[in-house]
Structure formats: C-alpha cells, structure tokens
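Here's the letter readout for the chains.
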Protein chains: 4
Amino acid sequence: MARKQNREERRAEIVQALLRVMAHRGYERATVQAIAKEAGLTPGLLHYHFGSKQEILVALVGTIAEVSEQRLAALLAEAEGPDARLAAYLRARLGMGPGAAPEIVAAWVMVGAEAVRQPEVRQVYQRVMAAELRRAETLISEGLAASVRRTEGANAIAAGLVALMQGAFLLASAAPETLPVGYALGQARAYVDAAIAEAPMAAATSTQPS
Amino acid sequence: MARKQNREERRAEIVQALLRVMAHRGYERATVQAIAKEAGLTPGLLHYHFGSKQEILVALVGTIAEVSEQRLAALLAEAEGPDARLAAYLRARLGMGPGAAPEIVAAWVMVGAEAVRQPEVRQVYQRVMAAELRRAETLISEGLAASVRRTEGANAIAAGLVALMQGAFLLASAAPETLPVGYALGQARAYVDAAIAEAPMAAATSTQPS
Amino acid sequence: MARKQNREERRAEIVQALLRVMAHRGYERATVQAIAKEAGLTPGLLHYHFGSKQEILVALVGTIAEVSEQRLAALLAEAEGPDARLAAYLRARLGMGPGAAPEIVAAWVMVGAEAVRQPEVRQVYQRVMAAELRRAETLISEGLAASVRRTEGANAIAAGLVALMQGAFLLASAAPETLPVGYALGQARAYVDAAIAEAPMAAATSTQPS
Amino acid sequence: MARKQNREERRAEIVQALLRVMAHRGYERATVQAIAKEAGLTPGLLHYHFGSKQEILVALVGTIAEVSEQRLAALLAEAEGPDARLAAYLRARLGMGPGAAPEIVAAWVMVGAEAVRQPEVRQVYQRVMAAELRRAETLISEGLAASVRRTEGANAIAAGLVALMQGAFLLASAAPETLPVGYALGQARAYVDAAIAEAPMAAATSTQPS
DNA sequence: AATGAATGAGTGTTCATTCAT
DNA sequence: GATGAATGAACACTCATTCAT
C-alpha cells in the first residue's frame, strides 16, 4: 500500500537487509524471501525496487564503500601530520579489531567471494579496492616524504597493507577463535612503520639551510 | 585391495573436479551434475562415494591442506638455517605469486567464504588455519631465536603474516589487475624481517660471566 | 464534456498502446506496465480507464474493425459498379500488401490467437469476422448478379476469400521472407474473378432465347 | 524413479502434452505444471528432458510437420497423375474440414502466433512453411505442365493456396460457427483449378499435329 | 560399482491488480 | 483524475538427493 515516493529509503532498507542476511548465510543462501522478511517487505516489492538480486548486491558494495569512506573521513579530519593520518586510516579500517562490526566484515568477505565469479560484482569490487589502494598509497607516500624517503615503493607497500587488512577480515569471519586478539592493528602499524623506516632515503633535494 | 584403491582414486577425482568447478562457479553453483561431468562420472555415483555435496567440500579442504603441506615439506628439506627456512615457507605459500595456481587459490577463497556459514566447513577450515599459524609461528620463533630476540611476539607476527597471505589470495582471485605484480612475496618477506629485527632482545639467559 | 472527451481520448491512446506493444510481444507479454509506458501513463491509470487488461483487448478489436471499415468506406465511395467495388474491397484489405501496416496486421493475428482461448475475445472476434464475411458475400453477390450468375455460392466464395486474406495476414507476420512479394492481392483477385466466372448461370429470369 | 533409457519416448509424450494443453490455453498459459500434469509427470522432469519450455515448442513444430508430411505421403502414394496428386494434397491438408483434428489445428495456429514474437520459433515455423510452399508449388507446376501451361506463376498460386489453407485453420479455431461447413476443400480446389486453367499456354514446344 | 531417470522443495522473477494519497 | 508503491499468486527453472535397475 503505497503513497509518497520513497524509492531511496526503501532501496537503502533492502540493501541493509541483504547485508545482514548475507553475513550469516552468504549470497546464494540469502534468498529474496529471506531478504524481504528481514526488511519487513514482500519479495515482489524487492523486484519493484531492484531489477534483480544481483543489483542489490552491487548496491551493497557501494554502500559499504561509502560508509567506510565516511568513517575514514571523520577520523582523518582530526588527524594532523602524516603519522597521525596513517594511524587514523588504520583505526578506521581495523577499528577495535575487525570483529567490531562483524556483520559488515562478514558481508564484505562474501562480496569478495562473489566477485570471483560474478563479473558485474567483480567490476565494482575492483573499483572499490583500487580506490582503497590509492588511499593507502597516498597516505604511505606522505609518510615516506615526511621521513625524506623515496616514494616509489609506496604502491607495493600499500598492496601489502591492503592484503593484510582484507586477510584479517577474512580470518575474523571464517576462522574466529583461531587468532590472537587484536593483532591486526598492531601488526599493520608495525608493517607500515618498518616499510617506511627501511625505504631508501630520497635524493637530497635541498638540505642546505641558509 | 584393488577395490579400495579404486575407491580412493574415485574420491580424489571427485574432489579435484569440485576444486575446478568451484574455482569458477563458487560452491553453490557447483552443481552435482557439473562436478560429475567434470570428473567424467554420473551424478548418482557421486553420492555413492560421498554422502553429500558438503562432504566433498570437507574432503577438498583436507586435500588442499595436504598438497600445501607437501609442497612446503619439499622446500624445507633443502633449507638450512632459520633464514632459509622462512624463505622456503614464503616461497611455498606465495610461490611465483598467488596467481601461479589460480584454480587452487580461487577454490580456497571459496572455501573461506563457505566456512563463514557452514559450521562443518568452518571446523576443518579453522583446523587448517590453526596449523598454518603454528607453522608460521614456529618458523618465526626460530628466526627470532637466531637473532637473540624474545619469542613472545611470534604468535602475533605469524597472525599478521597469515592474514597478509590469505588477503593476497583473496585479492588475486577477486580483484586481479588491481594490484602490482609480484608484491606479495616481497612484502611478506619485508614484514617478517622487520618484525624480527625490531623484536626486543632476549634477556641474557645464560653466558654472562660475572 | 471536456472530461468525457478526455476520457475517450485516453481510452483510445491506451488501446493504441496495446496494439503497438502486442504487435511485438503478444498479448500475454504485453504487460500493463509496458502498455502504460507506451501510452505515457501510469499503470494505475490504466485500471481507472479499463477494468482489466482484457477489456483493453476487447476495445482493440472494435477499434481495428472500425478503422478497417472506414478505410473500406472511403475506397468504396469512389468505386462504381460491382467490379470496381470488389476491387476497392480487396485494395482496402490487402492494400499494398499486408506488410503495409505491419503492426496492425501482427496485432490482429495476436487477437486471433487470443480468440482461440478467451471466450470474451472470441465473441467480439467472431462478430467482426461475421461482418467481414457478410461484406464479402454482398460484394461477391453483386458481382455474380452483374454476370447473371446464381448467387447461392457467394457465401462459400466469401469464406474462401476471407480465409485467404486472414492467412495472408498470418503468414506476413509469422513467416515473412518466405512468400513471394505482393502475391496476395493478385491471387485474391484471380480467385474471386474465377469463382464468379465459373458460377452457374442464373435461371433465365427473363427468358428471351436468342 | 528411473530405469531404462527412455528419453525419446518421454520427449514425445511431453510434446504431445504441450500440443493438447496449448490447443486450449495457448502457449503462455500452457504452464510447465499443466503440461507435466497432462503428461502425468512432474515439472522437474520436463526440464530434465528439455532445456526450456521453448524447446518443447520447437520440438512440437517439428512433430506436427512430420505427422503432416506422413499423412500427405500416404495419400500421395495412392494418387496417379497430377490431378489426383493435387487432390491428395488438398485432402491431406484440409481433410474432412480443418475441424477434423481440432487440437492439432488450434495448436498450429498458436505456433503461428508465437512465431511472430519468438525468433527461435519463427525460424522453425518459416522452415516448415517454406517446405509447404515448395510442396504446393511442385504439385501445381505438375498440374500446369499437364495442361501445357507456363509454370512461372506456380509460386504465386502456391502462396495463395497456402494462405487460404492457413487462414482456414485460423478461422476454424478462432471463429468457429461463423463459417459455412466444409467450404475450405471446395474453394481451395476451385482456386487451384481456375489458376491452372487460366495460366498462359506454354510456348508450343512440340506442336506436331498428327 | 554404476546408471540416469525421477522427485520435490525451493529459486529468482513477473505481473495484473489494488489502494492510500 | 492521477500516482506509484505494494501485494500475492503465479511462473519457469534448478538442484541435491534417491532409487529401480
């Protein structure tokens, strides 16, 4: 029984419902019925707002990316200097451990698995990961520059960092109780710091004080 | 005896078929028909050798772990000294990049996703990951000891290393073309080396003559 | 009055939209959404003007019959004598080939198929075809009379003619590229001419033997 | 519960079931459930034997064409001379009126309607109609030759004849009770005879009078 | 040990129709 | 008159599993 235009709200509700269902059941078992029930809607209505189940998944990728970005932006706003900015980034991503938002993390892991076999999902997933890589690379480059280091290695360092974080998400969801508590943030920090500390010094561009 | 061999061979064939199909379609879409076809068998026969599709998946986890272990054992046999042993480990896992055996890697990523929602799968997956952690921890401990460092941090370092590797597998499958080539082995190596180098020195347990 | 006019215009627009959609998708696949979009309206409004989708179809049958009749009337107005009138009829129906108005022809074929299974549609369809038969019979009777032939056969001749024309419509829609170009008008003409020429002479009503 | 291989028989049963259901409900309303019920099978089994509902329809076109061809072959076998062969053809097609096998005729009309909008169906439908046209053309050519007439017009005459017959099928299904009884065979015969009789004489190839 | 037809519950999706606004 | 969100019953199709042979 419909009244005002409410597409965007409904779409957001549906996406959130998919996130919750998917975190526990995975994408395939997140049936349209289950998503609809979680959202308090009927299955037919899901298809009124989304052309297909896959479209909801694609929208979910976007939503997670946005939320993730906003969280980072909020923390970055308060950070001054390369070091604090890097710390803010790691806190934004690994928070109080990846277990802090277990549903989002689990859903994201499922998204990764779907990206392996659904080209449309892979496309948006790759776009998000590419942006993430650039983000990390930028912050690492700043850190390198502040230490008067060459920045060419930033890309590879960022890749290692992103891999470490994504792996932490995966393990937190698929093999909890196996890992030491709260290792991720510390190890990520140590990894980046060491990588910066051991990067070759930049060519002395200026140095001479007047 | 011939019977039993046949039985084991058949089971192995079926497991391999699941691996190949799963790498491309994921577990849910890896239909029994498709697995049977890939193995050159009939659907009915699959259920003669395995009670359910899930049992094949569980067997697959074991198979991948075994293969993985054998590969490592082979490389370790030739390695002398803590440093060489660590290098052998990293080479065994990250080989010539995670893209070297893309089907196994992709299948393993899918296994991780299934572990999130299938308790039976999670159980074996966790067991494998726990063993992996112990492996890494042992090798890292050896490295620390060789550098006369305290070994308490080995657990967390191992966790970070395993996360980095699993993340590299995930990204190689879900977001290829996004990452720099061959970063994983180098970054893992750098991460471990720095972690060892920066670990606190071991308390002088012996030697100090008064 | 403006209201009522608006009402009739809207109904006509909807009927035209059904015609166009049906020509390409058939009746079942002509969804209310698609018809509404084609007419530039909303689905809800469609049901304000028509009680059901079937009602639109019934209205369409009437519309096609009317248009068809008007076209014939216009051509008949210029025709003098039985022969010219018959020619006008055939031209009105087979025009420049049945492909001249492909959407109407295809929609009409779809109407015929729906008439097979929807009694309400069959009723109006039969009414239209009965009128068509009488039309043809009258014109043929005139032709027979002008040739001093008995007119009892006119009914059967008309049936054959109508069948030929409807068959031509069907084949033009369902099997284009299969038939020779422009055969229909010529063959229909030849069929009627021969039927008249070979009808038995009328009983000598006015007996003067030579 | 399955045993011997029986694909062909099952497929034939399913096709026959589609024919019967389609004759009354049309293709869209011939649901897989309804077809399965008519055949005494389960819906899943239909999809075991046919990839899709459309495939059943395509198979039906082939079946009707075969049956039709066999009926014609049987009648042709007994016919001697062009005239008798043409008569056999018309009897094979229009039998004791198109109402003699109403289900097949109605199903065929539905096939025609589906051919308008399903390219895959159109393809097979066109193939069948093209073969039918060639058949008619050949027989008419023989008739023309026997009357020492030019045969160039055979194609158009055949087209008119096929149109008349298909139209008769359509009207018999969609508008029964509207048409005179048994007109079709007589009118078709008259049409062909007249067309042959009025065709231009063949160039005197061998005119030797005795 | 092997076959493959058969089942039945469940899947995503479609759609005419309703109705609060 | 007009909107468009909402419903609910269908729809074609999928699939792990069973089982007579």
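Shown above is the structure to which this text applies.
Since we're looking at a predicted model, the values are computed, not measured. All residue numbers here refer to positions counted from 1 along the written sequence of the relevant chain. Both sets of labels track the order of writing: A upward for chains, 1 upward for ligands. Given that this is a predicted model, residues contribute local features only at a pLDDT of at least 70 and side-chain atom pairs are listed and counted only at 80 or more, while totals for whole chains, interfaces and linings are drawn from all residues. Hydrogens and water molecules were not included; the side-chain quantities draw on all heavy atoms of the structure.

Q: Quick question: what am I supposed to make of the overall build of chain A here?
A: For chain A, the count of helices and strands is nine helices and zero strands. Secondary structure is summarised from DSSP: a helix means a run of H or I of at least four residues, a strand means a run of E of at least two, and numbering begins at the N terminus for each. For chain A, the succession of helices and strands along the chain, N to C, is α-α-α-α-α-α-α-α-α. Each principal axis of the C-alpha distribution contributes one length, and for chain A these read about 75 × 40 × 30 Å. A simple rule labels every residue: compare its accessible area, found with a 1.4 Å probe on the protein chains alone, to the largest value its type can have, and call it buried under 20%, exposed over 50%, or partly exposed in between. Counting every position in chain A, which comprises 210 residues, the buried fraction comes to 47%.

Q: Teacher, can you tell me more about the layout of surface pockets here?
A: In this approach the atoms are scanned with a rolling probe the size of a water molecule, which exposes any empty space left behind. All names here are of chain B. Only protein atoms enter the 1 Å grid used here. Points where a 1.4 Å probe fits but cannot escape make up a cavity, open sets with protein on both sides within 12 Å along at least five of seven lines make up a pocket, and a residue lines them when an atom lies within 4 Å of a point. Grid points are joined across faces, edges and corners, and a volume is the space filled by probe spheres set on the points. The space that makes up the largest pocket amounts to roughly 710 Å³. The wall of the largest pocket is formed by 32 residues, among which Ile 64, Ala 65, Ser 68, Glu 69 and Arg 93 lie closest to the centre. Counting residues per element, the ones that place at least two in the lining of the largest pocket are α1 (2-25), α4 (53-77), α5 (82-94), α6 (102-117), α7 (119-146) and α8 (154-174). Residues were grouped as follows: Ala, Val, Leu, Ile, Met, Phe, Trp, Tyr, Cys and Pro as nonpolar; Asp, Glu, Lys and Arg as charged; and all remaining residues, including Gly, as polar. Of the residues in the lining of the largest pocket, the class split is 19 nonpolar, seven polar and six charged.

Q: What's the story with the interface of chain A and chain B in this structure? I'm lost.
A: Interfaces are frequently sized by the accessible area removed from exposure as the parts join. Should any heavy atoms of two residues lie within 4.5 Å, those residues are counted as being in contact. Contact with chain A, which involves 46 residues of that partner, is made by 46 residues of chain B. Summed over both partners, the interface of chain A with chain B buries about 3600 Å², with 70% contributed by carbon and sulfur atoms. The working definition used for a salt bridge is a side-chain nitrogen of Lys or Arg within 4 Å of a carboxyl oxygen of Asp or Glu. Taken together, the links from chain A to chain B amount to two salt bridges. Arg29(B) is paired through a salt bridge with Glu28(A); the nearest N and O atoms lie 3.3 Å apart. Within 3.5 Å is the distance limit for a polar contact, defined as a pair of N or O atoms, with the added protein rule that one can donate a hydrogen and the other accept it, and that residues adjacent in sequence qualify only through two side-chain atoms. On the surface where chain A and chain B come into contact, there are eight residue pairs in polar contact (both at pLDDT 80 or more). Among the elements that make up the side of chain A that touches chain B, the one with the highest residue count is helix α8 (residues 154-174) of chain A (15 residues). Among the residues making up the side of chain A that touches chain B, the classes are represented as 28 nonpolar, 11 polar and seven charged. Joining two parts hides part of their accessible area as seen by a 1.4 Å probe, and the buried area is that hidden amount summed over both.

Q: Looking at this structure, how should I read the interface of chain D and chain C?
A: Tallying the contact residues gives 46 residues for chain D and 46 residues for chain C. Between chain D and chain C the total buried area reaches about 3600 Å² when both faces are included, carbon and sulfur atoms providing 70% of it. Joining chain D to chain C, the criterion identifies two salt bridges. In this structure, the connection of chain D to chain C is made through eight residue pairs in polar contact (both at pLDDT 80 or more). Those elements that provide at least two residues to the side of chain D that touches chain C are α1 (7-29), α6 (102-117), α7 (119-146), α8 (154-174) and α9 (183-197) of chain D. Sort the elements by how many residues they give to the side of chain D that touches chain C and α8(D) lands first, with 15 residues.

Q: I tried to follow the relation of the copies chain D and chain C on my own but got confused; where do I start?
A: Copy one and copy two of the chain differ by a rotation about a common axis and a shift along it. Superposing the copies works by least squares over the C-alpha atoms of residues that have pLDDT at least 70 in both of them. Screw-axis analysis of chain D against chain C gives a translation of 0.1 Å along the axis, an RMSD of 0.2 Å, and a rotation angle of 180°. Both copies are brought into coincidence by an operation consistent with a two-fold rotation axis.

Q: I'm lost on the environment of Glu103(A) in this one. Help?
A: Residues and elements named next belong to chain A. Summarising the element assignment, Glu 103 is placed in helix α6 (residues 102-117). For Glu 103, a relative accessible area of 30% gives the class partly exposed. For Glu 103 and Val 21, which are 82 residues apart along the polypeptide, the C-alpha to C-alpha distance reads 8.9 Å.

Q: Explanation requested: the packing of helix α5 (residues 81-94) of chain A against α8(A) in the structure shown.
A: Between two packed helices, what matters for the description is the angle formed by their axes and the separation of those axes. All names here are of chain A. Between the N-to-C directions of two axes lies an angle of 0 to 180 degrees, each axis being a line fitted to C-alpha atoms and, for a helix, fitted only over the stretch in contact. One can describe the packing of α5 onto α8 by two numbers: an axis separation of 11 Å at closest approach and a directional angle of 25°. By the angle between their axes, α5 is roughly parallel relative to α8. For the pair α5 and α8, the crossing hand works out as right-handed. Here Tyr 89, Leu 90, Arg 93 and Leu 94 of α5 lie close against α8, whose contacting residues are Leu 161, Val 162, Met 165 and Phe 169. Looking at the contact of α5 with α8 residue by residue, the classes come out as seven nonpolar, no polar and one charged. Any angle that is under 35 degrees is reported as roughly parallel, and any over 145 degrees as roughly antiparallel; angles of 65 to 115 degrees are reported as roughly perpendicular and all others as oblique. Each crossing is labelled by how the near helix is turned from the far one, with a counterclockwise turn of less than a right angle marking it left-handed and a clockwise turn marking it right-handed.

Q: Got a minute to help me understand helix α2 (residues 32-39) of chain C in this structure?
A: Burial in α2(C) covers these residues: Val32(C), Ala34(C), Ile35(C), Ala36(C) and Ala39(C). Taken from the residues just after α2(C), Gly40(C) is the one with a positive phi, measuring 75°.

Q: Sorry, what's going on with the pattern of salt bridges here?
A: Side chains that differ in sign of charge can pair as their charged atoms come close. Inspection of every chain in the model, using the stated rule, returns 44 salt bridges over all chains. With a shortest N-O distance of 3.0 Å, Arg10(A) and Glu13(A) are connected by a salt bridge. Remark: Glu13(A) and Arg10(A) occur in helix α1 (residues 7-29); sequence separation between them is three residues, near one turn of the helix. In this structure, Arg135(C) engages Glu69(C) in a salt bridge whose closest nitrogen and oxygen atoms are separated by 2.5 Å.

Q: Which parts of the structure should I look at to understand the packing of aromatic side chains?
A: Think of a pair of aromatic rings as described by two things: how far the centres are apart, and how the planes are tilted against each other in angle. Pairing of aromatic rings covers Phe, Tyr and Trp, the last counted by its six-membered ring, and requires centre-to-centre distances within 6.5 Å; plane angles under 30 degrees mean stacked, over 60 mean edge-to-face, and any other angle means tilted. If you walk through the whole model with that rule in mind, you get six aromatic pairs over all chains. The ring centre of Tyr27(B) lies 4.4 Å from the NZ or CZ of Lys53(B), which sits over that ring. Criterion for a charge above a ring: Lys NZ or Arg CZ within 6 Å of the ring centre, and within 35 degrees of the ring normal.

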